[in-house]
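# Notes for the structure review
Now for the letters of each chain:
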Amino acid sequence: MGKLSKEPKQIQQFERAWNILMSVTGDITLDNLRRDHANRFVKAVISRGKGPDGNGPATVERYLKQVSPVITTAIREFELPITNPFIGVTIPNKSEGQRKPRASFSTAELRAIQEACRGKNDQRRWAIAMLSDTGARLAEVVGLRKSDVVLDDPVPHIVITGHPQRRLKTPASKRKVPLIGEALWAAQQGMQTAGDLLFPDFAPRQPDSPVNAASASAALNKWLKDNKLVREGQTIHSFRHTMRDRLRHVEAPKEVADAIGGWARQSVGDGYGDGYELAKLKEYMDKL
């Protein structure tokens, strides 16, 4: 079994998964675990979802991965002559994939959001503006420090890198992204705030804790929804989908798009060399 993640979100999910399991099985011994327990666990995870259909297949699979490896390890360590009933359990609708794919924003929708952010002109709206013209992940934006912002360079940009208050999702996530349009405006506004973070409204309560991207997501999505700036299938994460589409529309090479968005490299060769210069990335972003 791998080392338990120290990320608060993963720790909370681990604890929730085991609380659900205990509510299904009660305090029983390993050799009394049955497939029925696994099936009831799946149903319990689905029913905990907030939507009308409950949690989807991807969430169920994540929760199974929190409990099944632990059970497998325990069976092996105690040399029990049983198999793990949580292996190969059926997940309803798994073949359907994600039930609610995130939709991109049209140009008109994107402009409406950006204008609303200018009108409100506060830290949360600056974060949305930054997302809209960088395509960065929400955690990457709310975790930006002022030291990650370079405005006096020939190509103003942000440096997305890991630090104690925000780890990166993948090695490819580490990158420099040119600042254009509303993202440049948001960075300029954020540099005038107090503290080390670009958008201190998202600072964690405990100084050494990571920023809470989940909480930020809920607040920003609520504002977009309350102001009728999104339609079905659109969320904060849709800015990443939109950026990918915008880069396709200007015929940016795939490697350029990957470099801007921090998307995972598809081959070993993609990681060779120093990659594209900021000026070249900006050349394509200026076309957006």
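In what follows, the accompanying structure is described. Keep in mind that this is a model prediction, so the values were computed, not measured.

What follows concerns the sheet that holds strand β3 (residues 175–178). Strand order in the open sheet made by the 3 strands is β1-β2-β3, with antiparallel pairing throughout. Looking at which strands have only one partner, the edges of the open sheet turn out to be β1 (149–150) and β3. Where β1 lies against strand β2 (residues 157–160), 2 bridges are found, and the strand directions are antiparallel. When the bridges of β2 are listed, Val149 appears paired with Ile158.

The tally for this structure, following the rule as stated, stands at 3 aromatic pairs. Seen from their ring centres, Phe14 and Trp18 are 6.2 Å apart, and the 45° between their planes marks the pair as tilted. Residue Phe14 and its partner Trp18 are located together in helix α1 (residues 8–25), separated by 4 residues, close to a single helical turn. Residue Phe14 is classed as partly exposed on the basis of its relative accessible area, which comes to 23%. Taking 4.8 Å as the distance between ring centres and 40° as the angle between the ring planes, the aromatic pair formed by Phe105 and Phe239 counts as tilted. Within this pair, whereas Phe105 is found in the loop between α3 (57–77) and α4 (107–120), its partner Phe239 is found in helix α9 (residues 238–249), the two being separated by 134 residues in sequence. For Phe239, a relative accessible area of 1% corresponds to the buried category.

This brings us to the pairing of β2. Connecting β1 to the antiparallel partner β2 that follows it, the hairpin turn spans 6 residues. With 4 bridges joining them, β2 and β3 adopt antiparallel strand pairing. Opposite Ile158, over in β3, you have Val177 as the bridge partner.

Let us now look at helix α8 (residues 213–226). With 14 residues, α8 should reach 20 Å at 1.5 Å per residue; the first-to-last C-alpha distance of 20 Å fits that figure. Residues of α8 that are buried: Ala216, Leu220, Trp223 and Leu224. Take α8 and look down its axis: the buried residues cluster within an arc of 100°, on one side only. Relative to its buried face, α8 has exposed residues pointing more than 90 degrees away, namely Lys222 and Lys225. In the core, the buried residues of α8 are packed alongside α4, α5 (123–132) and α6 (138–142). Structurally, the start of α8 carries an N-cap: the backbone nitrogen of Ala214 is 3.2 Å from a side-chain oxygen of Asn212. Phi turns positive, to about 55°, at Lys228, one or two residues after α8.

Turning to the nonpolar core, a few remarks are in order. By size, the foremost hydrophobic cluster in this structure holds 47 residues, and its most contacted members are Ile113, Ile128, Met130, Ile158, Phe199, Ile236 and Phe239. Examining the composition of this core, we find that 6 residues originate from one element, α5, more than from any other. Here Ile158 is in contact with Met130, Thr134, Leu144, Asp148, Val149, Arg175, Lys176, Val177 and Leu179, once residues within four sequence places are set aside. In terms of nonpolar packing, the next biggest core, distinct from the first, is built from 20 residues, Leu21, Val24, Tyr63 and Phe86 among them.

To continue, consider the pattern of salt bridges. Charged atoms that come close allow side chains of opposite charge to pair. By the definition in use, this model includes 14 salt bridges. We note a salt bridge from Glu109 to Arg231, for which the minimum N-O separation is 2.7 Å. Taken together, the residues span a long stretch of sequence, with Glu109 in helix α4 and Arg231 in the loop between α8 and α9 at a distance of 122 residues. Residue classification places Arg231 among the partly exposed positions, given a relative accessible area of 43%. Salt-bridge contacts for Asp226 lead to Lys222; the nearest nitrogen and oxygen are separated by 2.6 Å. With Asp226 and Lys222 both in helix α8, this residue pair falls 4 residues apart, about one helical turn. Its relative accessible area of 52% is what places Lys222 among the exposed residues. Through salt bridges that share partners, Arg137, Glu140 and Arg175 make up one connected network.

Here helix α10 (residues 254–261) crosses helix α11 (residues 278–285) at 100°, and the two axes come no closer than 10 Å. Considered as vectors, α10 and α11 are oriented roughly perpendicular to each other. On α11, the residues touching Val256, Ala259 and Ile260 of α10 are Leu281, Tyr284 and Met285.

How each quantity is defined
Residues numbered from 1 in each chain as written. Predicted model: local features only at pLDDT ≥ 70, side-chain atom pairs only at ≥ 80, totals over all residues. Heavy atoms only, no water. Pairing = 2+ DSSP bridges. Helix = DSSP H or I, 4+ residues; strand = E, 2+ residues; numbered from the N terminus. Phe/Tyr/Trp six-rings, centres within 6.5 Å; stacked < 30°, edge-to-face > 60°. Buried < 20%, exposed > 50% of the residue type's maximum accessible area, 1.4 Å probe, protein only. Expected span 1.5 Å × (residues − 1). Arc of directions from axis to C-beta. Contact = heavy atoms within 4.5 Å. Polar contact = N/O pair within 3.5 Å; in protein donor to acceptor, adjacent residues only side chain to side chain. Core = buried A, V, L, I, M, F, W, Y, C linked by side-chain atoms within 4.5 Å. Salt bridge = Lys/Arg side-chain N within 4 Å of Asp/Glu carboxyl O. Axes fitted to C-alpha atoms, helices over the stretch in contact; angles between N-to-C directions. Parallel < 35°, antiparallel > 145°, perpendicular 65-115°, else oblique.

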